Amino acid sequence: MNPQAKLVFTLSLLLGTTITLSSSHWVMAWTGLEINTLAILPLISKSHHPRAIEAATKYFLVQAAASALVLFSSMTNAWHTGQWDITQLTHPVSSLVLTSAIAMKLGLVPFHFWFPEVMQGSSLLTGLLLSTLMKLPPIALLFMTAQSLNSSLLVLMAILSAAVGGWMGLNQTQVRKILAFSSISHLGWMAIIITYYPKLTLLNFYLYAVMTTAVFLALNSMKALSLPTLMTAWTKTPSLSAMLLLTLLSLAGLPPLTGFLPKWLIIQELTKQDMTPAATIISLLSLLSLFFYLRLAYCTAITLPPHTTNQIKQWRTNKPVNILVAILVTMSIILLPVSPMVIAIP
């Protein structure tokens, strides 16, 4: 792709996200979402491969339907209450339609079917944008309307997302699909707490974005798209493989690492809200995700491939690890000690 065109699309992504985050009017928020959708489509389909074109088409259709539902929800609310302000979403039907629209935009169960397919048809860097930056505007809309959302519906969708994200990721061999189901599972953790403690949802999203960015950039450096390729990557970049191992364990939420922080705080808050059964169920379902993270980690740095491998061995290069990857991996591993400071935030 032409560098100038890529720059225009990237700036449009940032512009659309900024418009949605800074708007208090539904039409402006909808405009930002539309700019985002139109800017990411050329980045998905830039390889001109049939799989990429199919992914871009699916993404466009789903996001167009979700944007139409957002507009319908805001117009219904304005019709009944006379309010176009995002925080004044008081009509119950509008709230229900908006929850469905945002779930469709994010890829929450039962609107998750498009996300793994679109991720598989995109490059790793485009997949990184789809998993992090493209999810920020919908989560911001959920954050602004949290007080008027149906908490029972969101808890149900969250538990289903954690279950489906865990179950469907178990048998995958493609790294991008595994990370897509990982994203669905993490979205379940964000959705379950949004109506009770919205700041925890944002904290979870920020830490998830840091860890996922580290994983995607490390995989992009290794050029690893499937588990067999990942097994032979340690010959090229042994230090990066070790860093990726720790980041994957952090993404799984194991205690000494950063990824444990949001899960711990969410379980604590759910228990305070007398939702111990929901906390227990979603904690048990996270064990499913832990299995495929351990599988990825095992393939990355623990197992040695057989000598009769069908993969093309690549020359080992002594290029240094990207400084951005090093910073993100460090944040993904050692941020747990700041938890007292996070808990102190009102």
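Quantities reported herein were computed from a predicted structural model and do not represent experimental measurements.

Parameters at a glance
- The residue numbering used here restarts from 1 in each chain and proceeds along that chain's sequence as written.
- In view of the model being predicted, local features appear only for residues whose pLDDT reaches at least 70, and side-chain atom pairs are presented and counted only at 80 or more, with totals across whole chains, interfaces and linings using the full set of residues.
- Remark: hydrogens and water are excluded; side-chain values derive from all non-hydrogen atoms of the structure.
- We count a stretch as a helix when DSSP gives it H or I for four or more residues in a row; a strand needs E for two or more, and each element gets its number in order from the N terminus.
- Under the scheme applied here, a residue whose accessible area is under 20% of the maximum for its type counts as buried, over 50% as exposed, and between as partly exposed, the area being computed with a 1.4 Å probe on protein chains only.
- In this analysis, two residues are considered to be in contact whenever any of their non-hydrogen atoms come within 4.5 Å of each other.
- Here a polar contact is taken to be a pair of N or O atoms separated by no more than 3.5 Å, where protein atoms must pair a possible hydrogen donor with a possible acceptor and residues adjacent in sequence count only if both atoms sit in side chains.
- Candidates for patches are residues over 30% relative accessible area with no salt bridge; among them, like charges are joined within 9 Å and nonpolar side chains (Val, Leu, Ile, Met, Phe, Trp, Tyr) within 5 Å.
- Each accessible area is a Shrake-Rupley result for a 1.4 Å probe, and residues are judged covered by the shown protein chains and nothing else.
- The term salt bridge refers to a pairing of a side-chain nitrogen on Lys or Arg with a carboxyl oxygen on Asp or Glu at a separation within 4 Å.
- For each structure, a 1 Å grid was placed over the protein atoms alone; sets of points admitting a 1.4 Å probe that cannot get out are labelled cavities, open sets with protein on both sides within 12 Å along at least five of seven lines are labelled pockets, and lining residues have an atom within 4 Å of a point.
- Grid points are joined across faces, edges and corners, and a volume is the space filled by probe spheres set on the points.
- Boundary definitions for the domains trace back to an automatic or database domain assignment.
- Once two parts are put together, the accessible area they lose, assessed with a 1.4 Å probe and summed over both, is termed the buried area.
- A helix is expected to span 1.5 Å for every residue after the first.
- Centre distance within 6.5 Å is the pairing criterion for rings of Phe, Tyr and Trp, where only the six-membered ring of Trp is used; planes under 30 degrees apart are then read as stacked, over 60 as edge-to-face, and the remainder as tilted.
- To sit over a ring, a charge needs its Lys NZ or Arg CZ within 6 Å of the ring centre and within 35 degrees of the ring normal.
- UniProt positions are given in the numbering used here, feature names are shortened, and annotations may be inferred rather than shown by experiment.
- Angles shown run from 0 to 180 degrees and are taken between the N-to-C directions of axes, each axis being a line fitted to C-alpha atoms and, for helices, limited to the stretch in contact.
- Any angle from 65 to 115 degrees is called roughly perpendicular, while one under 35 is roughly parallel, one over 145 is roughly antiparallel, and all others are oblique.
- Each helix crossing is assigned a hand: it is left-handed if the near helix lies turned anticlockwise from the far helix by less than a right angle, otherwise right-handed if that turn is clockwise.
- Working definition of a nonpolar core: buried Ala, Val, Leu, Ile, Met, Phe, Trp, Tyr and Cys residues. They are joined through side-chain atoms within 4.5 Å.

A.B. asks: Give a description of the environment of S23 that names residues and reports values.
C.D. replies: Looking at the element boundaries, S23 is found in the loop between α1 (3-22) and α2 (26-44). For S23, a relative accessible area of 9% puts it in the buried group. Beyond its immediate stretch of four places on either side in the chain, S23 contacts M28, A29, I86 and M144. Here A29 takes part through its backbone nitrogen, which lies 3.5 Å from a polar atom of the side chain of S23.

A.B. asks: With reference to specific residues and values, describe a nonpolar patch on the surface.
C.D. replies: Where nonpolar side chains cluster on the molecular surface, the patch consists of I323, L324, I327 and M331 and spans about 360 Å² of accessible area. By the element assignment, M331 lies in helix α15 (residues 323-334).

A.B. asks: For the layout of surface pockets, give the residues involved together with the corresponding values.
C.D. replies: Left-over empty space is what a probe sized like a water molecule reveals as it rolls over the atoms. In this model, the second largest pocket occupies a volume close to 160 Å³. Taken together, W189, A252, G253, L254, F260, K263, I267, S283, S286, L287 and L290 form the lining of the second largest pocket. Broken down by secondary-structure element, the contributors of at least two residues to the lining of the second largest pocket are α13 (260-272) and α14 (276-302). When residues in the lining of the second largest pocket are grouped by element, the largest group, 4 residues, is from α14.

A.B. asks: I'd like a rundown of the domain arrangement of the protein chain, residues and numbers included.
C.D. replies: As assigned here, the protein chain comprises domain 1 (1-109) and domain 2 (150-345). Summarising the inter-unit geometry, the C-alpha centres of domain 1 and domain 2 are found 25 Å apart. Three residues, T99, L108 and V109, lead the burial of domain 1 against domain 2; their summed loss comes to 64% of the area buried on that side. The interface formed by domain 1 and domain 2 contains 0 salt bridges.

A.B. asks: Got a sec to walk through helix α8 (residues 151-169)? Specific residues and values, please.
C.D. replies: Across its 19 residues, α8 extends 27 Å between first and last C-alpha, which sits within 8% of the 27 Å expected from 1.5 Å per residue. Those residues of α8 lying buried are L154, V155, M157, A158, I159, S161, A162, A163, V164, G165, G166 and G169. Looking at the buried residues of α8, the elements they touch are α4 (92-106), α9 (175-193) and α14. N-capping of α8 is provided by N150, with a side-chain oxygen placed 3.1 Å from the backbone N of S152.

A.B. asks: Run through the packing of aromatic side chains, naming residues and quoting values.
C.D. replies: The final tally for this structure, using the stated rule, is 5 aromatic pairs. Measuring from centroid to centroid gives 6.1 Å for F260 and W264, while their planes differ by 5°, and the two rings are stacked. In this pair, F260 and W264 both sit in helix α13, 4 residues apart, roughly one turn of the helix. Clustering of aromatic rings is evident, with ring pairs tying together Y59, W114 and F115. Sitting over the face of the ring of F115, K135 holds its NZ or CZ atom 4.0 Å from the ring centroid. A cation sits over an aromatic face here: K263 above W189, 5.2 Å from the ring centre.

A.B. asks: Describe the UniProt feature "signal peptide" (unreviewed entry) in the protein chain, naming the residues involved and giving the relevant values.
C.D. replies: The UniProt entry lists residues 1-24 under the feature "signal peptide" (unreviewed entry), expressed in the numbering used here. Helix makes up 83% of residues 1-24 and strand 0%, and the two end C-alpha atoms of the span are 35 Å apart.

A.B. asks: Residue-level account of the packing of α4 against helix α7 (residues 136-144), with values.
C.D. replies: It is at 9 Å that the axes of α4 and α7 come closest, and there the two elements cross at 155°. It follows from the interaxial angle that α4 and α7 lie roughly antiparallel. For the pair α4 and α7, the sense of crossing is left-handed. Counted together, I102, K105 and L106 of α4 and P138, I139, L141 and L142 of α7 form the full contact between these two elements.

A.B. asks: Report on the nonpolar core, specifying residues and quantitative values.
C.D. replies: Y59, L130, I192 and L219 are the most contacted members of the largest nonpolar core, which totals 110 residues. Among the elements that make up this core, the one with the highest residue count is helix α10 (residues 198-222) (15 residues).

A.B. asks: Give me the lowdown on empty space enclosed by the protein, citing residues and values where you can.
C.D. replies: In this structure the tally under the stated criterion is 3 cavities of 30 Å³ or more. Space inside the largest cavity adds up to approximately 100 Å³. Together, 13 residues line the largest cavity, and Y59, Q63, K105, M134 and P138 are the ones closest to its centre. Breaking the lining of the largest cavity down by element, the ones donating at least two residues are α2, α3 (50-81), α5 (114-121) and α7. For the lining of the largest cavity, the element with the most residues is α2, which contributes 3 residues. One number sums up the size of the second largest cavity: a volume of about 50 Å³. S182, S185, H186, W189, L251, A252, K263, S286, S289 and Y293 together form the lining of the second largest cavity. At the level of secondary structure, the elements contributing two or more residues to the lining of the second largest cavity comprise α9, α12 (238-252) and α14.

A.B. asks: Before we move on, could you go through unusual backbone geometry and cite the residues and values that matter?
C.D. replies: Between V109 and the following residue, P110, the backbone shows a cis peptide bond with an omega angle of 10°. You can see P110 is positioned in the loop between α4 and α5. One non-glycine residue, K223, lies in the positive phi region at around 60°. With respect to the secondary-structure elements, K223 resides in the loop between α10 and α11 (227-231). One non-glycine residue, D274, lies in the positive phi region at around 60°.

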